[in-house]
Each structure stands twice: as structure tokens, then as C-alpha cells.
Amino acid sequence: MTSISQGAARRLSQAARVLSEQDPTIFVVAMGSYLGLPITEAKLQTLTVEDINRILSGDDGELPEDYSRDSIKNALRYLWGEQEAQLITPEIETMPVSMQGSPSIKVAVASNNAELLDGHFGSCLRFLIYRVNTEGLYLADIRDASSTQTADDRNTARAELIGDCQLLYVQSIGGPAAAKVVRAGVHPIKFPKPGAARDTLNALQSTLVNPPPWLAKILGKENVLLQRFVEEAEE
């Protein structure tokens, strides 16, 4: 008998993406030590919030800095098999007529499910790429992040994957990874609690007419980024 069933491996990989930016293998090994081998779906269904807390705490007994009880609950749903049916890839949309001819910004959203903002930068399944302006917003592209898993520097590869965006919306991102995203010309913003991407983007859209200073600087009221997407709109 193998040490882990195929179904259990799938659930563990999905849960690891919700919980941590680290290599999912680390979580699988920790789970094996905690539950004992073989790891099966039946064993995963017995896990509780307290069990995940103990596994994440490790030898030092300290929870990770990006600990989130909501993430724990979401991970448990994967481990129990409740979320597998929700791994939906949304459809790319065409630009609404109302947005045509006006400059827009690109926002990358770290996501694992449908149109949720629920991903950690280093482990999310995909980046949803939205274009947003004062007239509307739409899902312009979806970029599969799996190709970055074998890169020499995964965080740099992921930063390059979204390097044409102005903003990154992410559930969690570590300091070194954030620095690489910034160097790629993208401003990362953390939203620790998972939620609908469009709800968050609607809030951004409402600020574009008179953006706060931090956003005005990023968008380029006096910045080359503004020229970048003005030129794109004219093409």
C-alpha cells in the first residue's frame, strides 16, 4: 500500500495552498508525521482546527505570522473533501463597450477558486487579471501559476508573470516575495480574509476618480505607469 492515496494527495495539495506559501511537500510530510502513514481520506476527515494548529506550530510551538483562522477553516474543507467541487476556472471576458477608449489599470488577483481572492502569492493556482477604470471592470486574462513551480526562483517567476500589472491583490505574501513584486513594478496589497474578487475591485473602482495619495502615486499621476496604459488604450 502506498503512503498516501491519490484522493488524499489532492486534498492535501489544495489545503497547503490555502495555508502557506511554502512548498506543499512540507505540509504533506508534517501531516504524515501527525496522522501516521498511510494518509487516507478517512484520516483527513477526522482533523479539526486544533489539529491544524498543532501541525502548523511545528517544533517551536509558534504559529506562522500569516496565521488566519479563516484560512484554517477553508483548508479543513479541502481536507474533508467539501471544496473539491468548487475548483472552478472562470471564463475570460471581453471589454465592455463602456470601457472602450478609456485608459484602465491591470490588477492581478491571487486565486484558487472561481473568482475568489483567496490565494497566497507563492502557492496560488492562478492569477486573475482584471482591467479596471471608472466606467467598469472585467476579467481580461487568467494566468496559470503552475509553470513557476519548477523555476529556480519561484517568487521572481511569479512576479514576472504579473509584471504588466499595476496592483497585486493577495491573501498573503512574505517580505522577500513582496520586494520582488515591487521590483517588477507591481504594488502588492494584502487582504487576509478571503472574499469575492469583484467586491474588492468595485471598492477600488470607486476611488479612481479621486484616488488617495498612495494610489495616485502608483497609478502615475506623475508616474510612467499612467503613460503605459494610456498608450495601450490608444493602440
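Conventions used here
Residues numbered from 1 in each chain as written. Predicted model: local features only at pLDDT ≥ 70, side-chain atom pairs only at ≥ 80, totals over all residues. Heavy atoms only, no water. Axes fitted to C-alpha atoms, helices over the stretch in contact; angles between N-to-C directions. Helix = DSSP H or I, 4+ residues; strand = E, 2+ residues; numbered from the N terminus. Parallel < 35°, antiparallel > 145°, perpendicular 65-115°, else oblique. Contact = heavy atoms within 4.5 Å. Nonpolar A, V, L, I, M, F, W, Y, C, P; charged D, E, K, R; others polar. Phe/Tyr/Trp six-rings, centres within 6.5 Å; stacked < 30°, edge-to-face > 60°. Buried < 20%, exposed > 50% of the residue type's maximum accessible area, 1.4 Å probe, protein only. Lys, Arg positive; Asp, Glu negative; His and termini not counted. Salt bridge = Lys/Arg side-chain N within 4 Å of Asp/Glu carboxyl O. Polar contact = N/O pair within 3.5 Å; in protein donor to acceptor, adjacent residues only side chain to side chain. Expected span 1.5 Å × (residues − 1). Core = buried A, V, L, I, M, F, W, Y, C linked by side-chain atoms within 4.5 Å. Pairing = 2+ DSSP bridges.

Caption draft 1: Main features of the packing of helix 4 (residues 49–57) against helix 5 (residues 69–80). Their axes nearest at 10 Å, the elements helix 4 and helix 5 cross at an angle of 105°. Here helix 4 is positioned roughly perpendicular relative to helix 5, judged by the angle of their axes. Seen from helix 4, the contacting residues are Val49, Ile52, Asn53 and Leu56; seen from helix 5, they are Arg69, Ile72, Leu76 and Leu79. Among the residues forming the contact of helix 4 with helix 5, the class breakdown is 6 nonpolar, 1 polar and 1 charged.

Caption draft 2: Structural context of the packing of aromatic side chains. Applying the stated criterion to the full structure yields 2 aromatic pairs. When the ring of Phe121 is compared with that of Phe127, the centres are 5.9 Å apart and the planes differ by 50°; the resulting orientation is tilted. With a centroid separation of 4.7 Å and an interplanar angle of 55°, the aromatic rings of Tyr169 and Phe191 are classed as tilted. Of the two residues, Tyr169 sits in strand 5 (residues 167–170) while Phe191 sits in the loop between strand 6 (187–190) and strand 7 (195–196), which places them 22 residues apart along the sequence.

Caption draft 3: Seen up close, the side chain of Asp118. With respect to the helices and strands, Asp118 occurs in the loop between strand 2 (116–117) and strand 3 (126–133). In this structure, Asp118 is buried with no salt-bridge partner, the nearest side chain bearing the opposite charge being Arg126 at 6.9 Å. Among the polar contacts made by the side chain of Asp118, one reaches the main-chain amide nitrogen of Asn112 at a distance of 2.7 Å.

Caption draft 4: Up close: the environment of Ser172. Note that Ser172 resides in the loop between strand 5 and helix 7 (175–183). Separated by 20 residues in the primary sequence, Ser172 and Pro192 place their C-alpha atoms 6.2 Å from one another.

Caption draft 5: Main features of helix 1 (residues 6–19). For helix 1, with 14 residues, the first-to-last C-alpha span of 20 Å sits near the 20 Å given by 1.5 Å per residue. Here helix 1 lies mainly inside the structure; 10 of its 14 residues are buried. In this structure, the buried side of helix 1 is in contact with helix 2 (24–35), helix 3 (41–44), helix 4 and helix 5.

Caption draft 6: The nonpolar core, seen in detail. One finds Phe27, Met31, Leu44, Ile52 and Leu79 to be the most contacted residues of the largest nonpolar core, which totals 19 residues. Mapped onto this core, the elements with two or more residues apiece are helix 1, helix 2, helix 4 and helix 5. Aside from chain neighbours lying at most four places away, what touches Leu44 is Ala8, Arg11, Leu12, Met31, Leu35, Ile39, Leu79 and Trp80. Counting 18 residues, the second-largest nonpolar core is a separate cluster that includes Val107, Leu137, Leu167 and Leu201.

Caption draft 7: Representation of the pairing of strand 3 in the model. Along strand 3, 8 of the 8 residues are buried, which leaves the element largely enclosed by surrounding structure. Residues Arg126, Leu128, Tyr130 and Val132 point to one face of strand 3 and Phe127, Ile129, Arg131 and Asn133 to the other, with burial holding for every one of them. Relative to strand 3, strand 1 (residues 105–111) runs antiparallel, the two sharing 7 bridges. The residue of strand 3 that forms the bridge with Val107 is Tyr130. The sheet contact formed by strand 3 and strand 4 (residues 136–144) spans 8 bridges and is antiparallel. Its bridge partner lying in strand 4, Val132 is registered against Leu137.

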